[in-house]
Amino acid sequence: MRWPQLRWPHLRKETILAAVGVMAAAVILVCVNILVARFYRRWDVTSSRLYTLADATKVTLHSLSEPVEVAVFLGRSDPLTASVRQMLEAYGAETRHLHARFVDPDQSPAEFLALQQKYGILTGKTEDGRVVTDATLVVARGDRHWFISTDDLVEYDDQQGRARPKLEQALTEAILNVQERRRQKMCFSKGHRELSVDDSSPIGLLEFRQRLDKNNFEVESIDLSPPMAKGSLAGCQAVVVAGAQVPFDATAAAKLQTYLQQGGGLLLLLSPMLDDDNRVRSSGLEPVSKLAGIEINRDFVFEADPGARLPAGSGESFFATPKRHAVTAGLAREGDPSGFRVLASSAQSLKNLDQRAAALLVTSDQAYSVRDLRWFLQAGEAPSKKRAESRGPLVLAMAAELAKPAGSPRGPRLVVVGTASVGWSRNWRDPTLLGGRVFTESAVSWLAARPALVSVPEKPSHPIGLTLTEKSLSEVWRYVLLYMPGSAAVLGFYVMLRRRSLERRRRDRDSAQSQQEPRA
């Protein structure tokens, strides 16, 4: 018996080649992973290119030289979570300096509490126990941070049932703002019994100030009353005069007038002032408003429309309707001119002297105004249109941008509101008063030229959820009751025939084999 010869050299060669092949494959995989990590690429296959970044966003991301942290406070079940995650992935493909951190307030309460204390986030709970915050995202660099709310991420059109994503605009704006080395200063006037930024009452400005602090504004109060009217307004990005109860003298008004003419931004929240005889008197700021073609009517507005006024009172508290403007972009929506309405209390009306100023808030056509309140406050007579000086619709807020001075990046901007109630803290504490909060924050952003980013195009809107029409309902009926059961029946009949065919072939094969076997 001869044993076959073993060809050891041939086996050793095959083993070596196999090992070399495995090592080569491993080296190729490592190189591919290194290239993928170094040259990260993503493809946006959505129909409306939702996650394709604009050129302005890419330039902003490529200019980052320091780490920027993005804290996302969204639950796993939140419908915005997937969009935010995908957008941050797209941002991360352009820069290594952006770091995202997802924190679920319900699943990670300890981690959320630490960040809440760090950034000063306000929280609350819904009826089902879920935690809600006033900031959906926080973009931070060092000690600077920027808040992004849910309203900043998407714009809903309830009338047409569509939504327009604004996530890219909000994120890029936030990154630009935290990159700024110097905090912009927001100045509040004092010395004329204005509302205080330290007043925590519902009609104080504490919540307004805290919102400015969260958005990287440095809040400072400047006394403009003699003999303290020596404070400089030169470093103020914008100046707010809120609810003054003492008229401004010529010196203080001239100071504001000079500041405006030099390119500043001025927000006048002017509730009616009453003299000793209960007549509406001058605030002393008429020369300032007339620079922009706005006249303060020195009256008191009452609303007679039951659908606009509050049930309590005599019509001095009511909801005003926003008009389309950059300031009211978050209020007036496409297809719904009214949008969110703004609650106004103790308001006076304004008048446009020329075409430079645009209306922001208006009353209904049933509103009216009076200049003499003696009959109401002293005699106890109920408000009536028979004493009206003007009839609605009346303008309560106006905005204007003047010609750009030499060397200034933009023209002077002025917003005049006939009531100080839009700055009250209750607008930030009561969810039903969202309109006043959005209006005030938008006015400050417009005056301070923020957001500075204007080149990020808007994404196309898309339908919200599933819309069922009569035609679609009939199609659903056919699919559910006809097409789907019919398809299942056809598939089951095919499977039955297939099994019978296979069983018949197997029986025929077994029968043929049994006939071919030799008998014992």
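Scroll up to find the structure this text is about.
Residues numbered from 1 in each chain as written. Predicted model: local features only at pLDDT ≥ 70, side-chain atom pairs only at ≥ 80, totals over all residues. Heavy atoms only, no water.

Trainee: Whenever I open this one, helix 2 (residues 55-62) confuses me. Can you help?
Mentor: Each α-helix turn comprises 3.6 residues. Residues three or four places apart therefore point the same way. Among the residues making up helix 2, those that are buried are Ala56, Thr57, Thr60 and Leu61. Each buried residue of helix 2 lies within a common arc of 135° when the element is viewed along its axis, so the set occupies one face. Exposed and oriented more than 90 degrees from the buried face of helix 2 are Asp55, Val59 and His62. Contacts from the buried residues of helix 2 go to helix 3 (81-92) and helix 6 (167-179). (Buried < 20%, exposed > 50% of the residue type's maximum accessible area, 1.4 Å probe, protein only. Helix = DSSP H or I, 4+ residues; strand = E, 2+ residues; numbered from the N terminus. Arc of directions from axis to C-beta. Contact = heavy atoms within 4.5 Å.)

Trainee: What am I meant to see in unusual backbone geometry here?
Mentor: Among all residues except glycine, the phi angle is most often negative; among peptide bonds, the trans geometry is most common. The omega torsion across Gly392 and Pro393 is 5°, close enough to zero to call that bond cis. Here the phi dihedral of Arg298 falls at roughly 55°; this positive angle occurs in a residue that is not glycine. Inspection of the secondary structure puts Arg298 in the loop between strand 15 (294-296) and strand 16 (300-302). The residue Ser346 is not glycine, and still its phi comes out positive at about 55°.

Trainee: In this structure, what is going on with the sheet that holds strand 2 (residues 98-102)? I would like to understand it.
Mentor: Pairing between the strands of a sheet is mediated by backbone hydrogen bonds and can be parallel or antiparallel. Taken in spatial order, the 4 strands line up as 2-1-5-6 in an open sheet, and their pairing is mixed. Each having just a single partner strand, strand 2 and strand 6 (144-148) make up the two edges of the open sheet. In this sheet, adjacent strand axes meet at a mean angle of 20° when their direction is disregarded. In this sheet, strand 6 lies alongside strand 5 (residues 137-141) in antiparallel orientation, the contact comprising 5 bridges. Looking at the pairing, Leu137 lines up with Ile148 of strand 6. Sheet contacts for helix 6: strand 2, strand 5 and strand 6; angle to strand 6, the most-contacted strand, approximately 160°. (Pairing = 2+ DSSP bridges. Axes fitted to C-alpha atoms, helices over the stretch in contact; angles between N-to-C directions.)

Trainee: Help me out: how do you make sense of the nonpolar core in this one?
Mentor: When a protein is soluble and globular, its nonpolar side chains tend to lie buried together. By size, the foremost hydrophobic cluster in this structure holds 42 residues, and its most contacted members are Phe188, Leu267 and Phe439. The dominant element in this core, judged by the number of residues it contributes, is helix 12 (residues 434-447), at 7 residues. Apart from the residues lying within four places of it in its own chain, the contact partners of Leu267 are Val239, Val240, Val241, Val415, Val417, Ala443, Val444 and Leu447. Formed by 33 residues, the second largest nonpolar core is a distinct cluster that contains Ala252, Leu260, Leu266 and Ala292. (Core = buried A, V, L, I, M, F, W, Y, C linked by side-chain atoms within 4.5 Å.)

Trainee: Just to check I follow, could you spell out the packing of helix 2 against helix 6 for this structure?
Mentor: Any two packed helices are characterised by the angle at which their axes cross and by the distance between the axes. Here helix 2 crosses helix 6 at 35°, and the two axes come no closer than 10 Å. Read as a crossing pair, helix 2 and helix 6 show a hand that is left-handed. Across the interface between the two elements, Thr57, Thr60 and Leu61 from helix 2 touch Glu168, Thr172, Ile175, Leu176 and Gln179 from helix 6. Of the residues that constitute the contact of helix 2 with helix 6, the class distribution is 3 nonpolar, 4 polar and 1 charged. (Left-handed = near helix turned anticlockwise from the far one by under 90°. Nonpolar A, V, L, I, M, F, W, Y, C, P; charged D, E, K, R; others polar.)

Trainee: How should I be thinking about the sheet that holds strand 16 in this particular structure?
Mentor: Strand order in the open sheet formed by 3 strands is 16-21-22, with antiparallel pairing between adjacent strands. Looking at strand neighbours, the two that pair on one side only are strand 16 and strand 22 (390-391), the edges of this open sheet. As defined by bridge partners, strand 21 (residues 368-370) adjoins strand 22 across 2 bridges and the pair is classed as antiparallel. Bridging across to strand 22, Ser369 finds its partner in Ser390.

Trainee: Teacher, can you tell me more about the pattern of salt bridges here?
Mentor: Proximity of charged atoms lets side chains of opposite charge pair with each other. Counting across every chain of the model gives 11 salt bridges. Between Arg209 and Asp198 there is a salt bridge, with its nearest N and O atoms 2.6 Å apart. With Arg209 in helix 7 (residues 206-214) and Asp198 in the loop between strand 9 (184-190) and helix 7, the pair connects residues that are 11 residues apart, well separated along the chain. Take Arg209: its relative accessible area is 24%, and that puts it in the partly exposed class. Across the salt bridge formed by Glu207 and Arg429, the nearest N and O atoms sit 3.1 Å from each other. (Salt bridge = Lys/Arg side-chain N within 4 Å of Asp/Glu carboxyl O.)

Trainee: Would you take a moment to explain helix 8 (residues 250-261) for this structure?
Mentor: Between its terminal C-alpha atoms helix 8 stretches 16 Å, which fits the 16 Å expected from 12 residues at 1.5 Å a residue. Inspection of helix 8 places Ala252, Ala253, Leu256, Tyr259 and Leu260 among the buried residues, and these make up the whole buried set. Buried residues of helix 8, viewed axially, fall in a sector of 120°; they line one side. Turned more than 90 degrees away from the buried face of helix 8, the exposed residues are Ala250 and Thr251. Its buried side turned inward, helix 8 meets strand 11 (236-242), strand 12 (265-269), helix 9 (286-290) and strand 24 (413-417). Two residues or fewer after helix 8 comes Gly263, characterised by a positive phi angle close to 105°. (Expected span 1.5 Å × (residues − 1).)

Trainee: Would you mind showing me how to read the packing of aromatic side chains here?
Mentor: In this description, an aromatic ring pair is defined by two values, namely the gap between the centres and the angle between the planes. Counted by the stated rule, this structure contains 5 aromatic pairs. Both rings, one in Phe208 and one in Trp428, keep their centres 5.5 Å apart while their planes meet at 20°; by these two values the pair is stacked. Remark: Trp428 occurs in helix 11 (residues 426-429) and Phe208 occurs in helix 7; sequence separation between them is 220 residues. Trp428 carries the same exposure label as Phe208, and that label is buried. The interplanar angle of 20° and the centroid separation of 5.8 Å between the aromatic rings of Phe302 and Tyr368 together place this pair among those described as stacked. Highlighted residues: Phe302 in strand 16 and Tyr368 in strand 21, separated in sequence by 66 residues. Summarising the burial analysis for this pair, Phe302 and Tyr368 share the class buried. Looking at Arg85, its charged tip hangs above the ring of Phe102, at a distance of 4.0 Å from the centre. (Phe/Tyr/Trp six-rings, centres within 6.5 Å; stacked < 30°, edge-to-face > 60°. Lys NZ or Arg CZ within 6 Å of the ring centre and 35° of its normal.)

Trainee: Would you take a moment to explain the side chain of Asn427 for this structure?
Mentor: Its place among the elements puts Asn427 in helix 11. Within the structure, Asn427 has its side chain in polar contact with the backbone oxygen of Val422 (distance 3.2 Å). Those residues in contact with Asn427, other than ones at most four positions away along the chain, are Ser421, Val422, Leu433, Gly436 and Arg437. (Polar contact = N/O pair within 3.5 Å; in protein donor to acceptor, adjacent residues only side chain to side chain.)

Trainee: Please explain the state of the cysteines as it appears in this structure.
Mentor: Working definition of a disulfide: a covalent bond connecting the sulfur atoms of two cysteines. Counted by the stated rule, this structure contains 1 disulfide. Paired by a disulfide, Cys187 and Cys236 hold their sulfur atoms 1.9 Å apart. In this structure, the disulfide formed by Cys187 and Cys236 twists by about -85° around the S-S bond and is classed as left-handed. Here Cys236 lies in strand 11 and Cys187 lies in strand 9, a separation of 49 residues in the sequence. With a relative accessible area of 7%, Cys236 lands in the buried category. (Disulfide = S-S within 2.5 Å.)

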